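Structure assessment
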Amino acid sequence: DAGITQSPRHKVTETGTPVTLRCHQTENHRYMYWYRQDPGHGLRLIHYSYGVKDTDKGEVSDGYSVSRSKTEDFLLTLESATSSQTSVYFCAISGNGGNQPQHFGDGTRLSIL
Amino acid sequence: GIQVEQSPPDLILQEGANSTLRCNFSDSVNNLQWFHQNPWGQLINLFYIPSGTKQNGRLSATTVATERYSLLYISSSQTTDSGVYFCAVEPYSGGGADGLTFGKGTHLIIQP
């Protein structure tokens, strides 16, 4: 199994609070991704990173920011959480050459009340 | 953006049966992957297959890039094959690691 750890695994918080989710990898892979999974929508790309301090927006990036200060860590921040951001969040990584398989962490279930 | 359609949306089979899952996509791709999400929510990469055919045990996949579809075959189904199967692609215009667009999945239930 790819060495990907997401934390926390579960979180309940209130509308308007800031939330940060962490993805940590031990594979030294260049590419990292954040997706959200919602019923009826499948998985949708939020942001991705192609190296330290290099990030770009995905399909559903509004309301989210990311940071990557080290190869192994990719952080997803909800600056002011809203109920529409209740979801399951997955982190993924892929190898250094591009056009490589993606491997996923176990997900974070986030509930915003 | 690119559209990914999977069929059928739901499939119920008896243990031992064979099945074929289909993925159609609306534009040329340089990256196509199949995933299995088990009942515990874990996503497992089954195949990276932008073209051609691959096999892994009872599972095989074929992508016909020129006709914009991919097929996932499951033979001699087992109850552990239950879950949701996702097809995901990256358009040919992408850089090869720009993130995937997922279909909505095929929910497979294997009954004992």
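Details of the structure are given in the entry above.
Since we're looking at a predicted model, the values are computed, not measured.

Turning our attention to the environment of Leu46(B). Residue and element names in this part refer to chain B. Position of Leu 46 relative to the elements: it lies in strand S5 (residues 43–48). The spacing of Leu 46 and Trp 34 is twelve residues in sequence and 5.4 Å in space, taken between C-alpha atoms. Beyond its immediate chain neighbours, meaning those up to four positions away, Leu 46 contacts Trp 34, Phe 35, His 36, Leu 59, Leu 72 and Tyr 85.

Attention now moves to the sheet that holds strand S3 (residues 19–25) of chain B. All names here are of chain B. If you walk across this open sheet you meet the five strands as S1-S3-S8-S7-S6, and the pairing is antiparallel. Lying at the two open borders of the sheet, with one neighbouring strand each, are strand S1 (4–7) and strand S6 (52–56). Adjacent strand axes in the sheet meet at a mean angle of 15° when their direction is disregarded.

So, on to unusual backbone geometry. With an omega dihedral of -10°, the bond running from Ser7(A) to Pro8(A) counts as a cis peptide bond. Examined against the element boundaries, Pro8(A) turns out to sit in the loop between strand S1 (4–7) and strand S2 (10–13). For the bond running from Ser7(B) to Pro8(B), omega is -10°, close enough to zero to count as cis. Note that Pro8(B) resides in the loop between S1 and strand S2 (10–14).

Reading guide: rules and limits
Residues numbered from 1 in each chain as written. Chains lettered and ligands numbered in written order. Predicted model: local features only at pLDDT ≥ 70, side-chain atom pairs only at ≥ 80, totals over all residues. Heavy atoms only, no water. Helix = DSSP H or I, 4+ residues; strand = E, 2+ residues; numbered from the N terminus. Contact = heavy atoms within 4.5 Å. Pairing = 2+ DSSP bridges. Axes fitted to C-alpha atoms, helices over the stretch in contact; angles between N-to-C directions.

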